[in-house]
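Analysis of the macromolecular model
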Amino acid sequence: KPYFVEFRARSAHSYGHTFLVHGRVGQRITKRDVIGLHPASESSVPWMLGHLVPVTSETGASDGDFEDEYVIARYRIGLTEAEYKKTLATMRGMQKNHPVWHAVLYNCNRFVGDIAQNMGLQAPSNSLLMPKEFITTLKQLNGGRPELSGPGSTMTAQAPAAERQETAAAPKPQQTAGAAK
C-alpha cells in the first residue's frame, strides 16, 4: 500500500511523547507530516501548568519528533490512497479543532488514540500509560497487523478472528501511573 500512518513514542526529559507521522511510503517526512498534541510552547512552564489546569495546545511537530534516535516504539499501518485521503481529512479536522492539553484529562496519548479509533483501530483505554507502553498496547490491540484493511474494503479495521482471539487471550499490560506529554 502506497501510504502509511505510523504511530510513534519517543523519549524526552520527562516521561516522553506520543505522536504520529504519515504520508507516502518512501517520502521524506516534513513538519507537516507530524501530528501530535502538546502544550503550545517550547517553554516548560505550560507543560508544568498542564498537570494542574488545561493549557493551550498545538497539534504539529514538537522538539525531538524528527530525531530517530529518540523513537522508542513504532506501529505502522499501510493505507490505500482512498484510506489515506479519508484518514488525512480526519486528522486535519482534529488539528483544526484541537483541544487544550492536560496531562491527565486530554494528553498526547488520548489525541493519537482518537485518531487511531477514527481509523477503525482499537486504542488503549488508559491514556495515562507511558508513551512506549501506549504504542505497544495499540499494536497488540490490533493484532500487530500492518494494514488497515484488505483489498476492496471500506476501512474496517477488523482483525481476523484468530488474531482477535489471540489478542483477547493475551494478558493485559500493567497500567502505569503517570501521563504522557
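Predicted model only: the values in this text are computed from it and were never measured.

For the protein chain, the count of helices and strands is five helices and six strands. Secondary structure elements of the protein chain, listed N to C terminal, follow the sequence β-β-β-β-α-β-β-α-α-α-α. Counting the 181 residues in the protein chain, one finds 44% classified as buried. A separation of at least 24 residues holds for 66% of the contacts in the protein chain among residues at least 6 apart in sequence.

Now for the pairing of strand 2 (residues 17-24). Within strand 2, seven of the eight residues are buried, leaving the element largely enclosed by the surrounding structure. Of the pairings in the sheet, the one linking strand 1 (residues 3-10) to strand 2 comprises eight bridges and is antiparallel in character. In the strand pairing of strand 2, Ala9 is matched with Thr18. The turn joining strand 1 and strand 2, which pair antiparallel and follow one another in sequence, is formed by six residues; a positive phi near 115 degrees is taken by Gly16.

Once that is clear, we can look at the sheet that holds strand 2. Strands sit in the order 3-2-1-6 across an open sheet of four strands; the sheet is antiparallel. Bordering the open sheet on either side are strand 3 (34-35) and strand 6 (71-79), each of which pairs with just one other strand. Here eight bridges tie strand 1 to strand 6, and the two strands are oriented antiparallel to one another. Across the sheet, Arg10 pairs through a bridge with Val71, a residue of strand 6. Relative to strand 2, helix 2 (residues 81-96) is tilted by about 135 degrees, and along the sheet it contacts strand 1, strand 2, strand 3 and strand 6. Sheet strands in contact with helix 3 (residues 108-118) are strand 1, strand 2 and strand 3, and its direction is about 35 degrees off that of strand 2.

All right, on to the environment of Leu105 then. As for its placement among the helices and strands, Leu105 is situated in the loop between helix 2 and helix 3. On a C-alpha basis, the gap between Leu105 and Ser127 in space is 8.5 Å, while along the polypeptide they are 22 residues apart.

Cut-offs used in this document
Residues numbered from 1 in each chain as written. Predicted model: local features only at pLDDT ≥ 70, side-chain atom pairs only at ≥ 80, totals over all residues. Heavy atoms only, no water. Helix = DSSP H or I, 4+ residues; strand = E, 2+ residues; numbered from the N terminus. Buried < 20%, exposed > 50% of the residue type's maximum accessible area, 1.4 Å probe, protein only. Contact = heavy atoms within 4.5 Å. Pairing = 2+ DSSP bridges. Axes fitted to C-alpha atoms, helices over the stretch in contact; angles between N-to-C directions.

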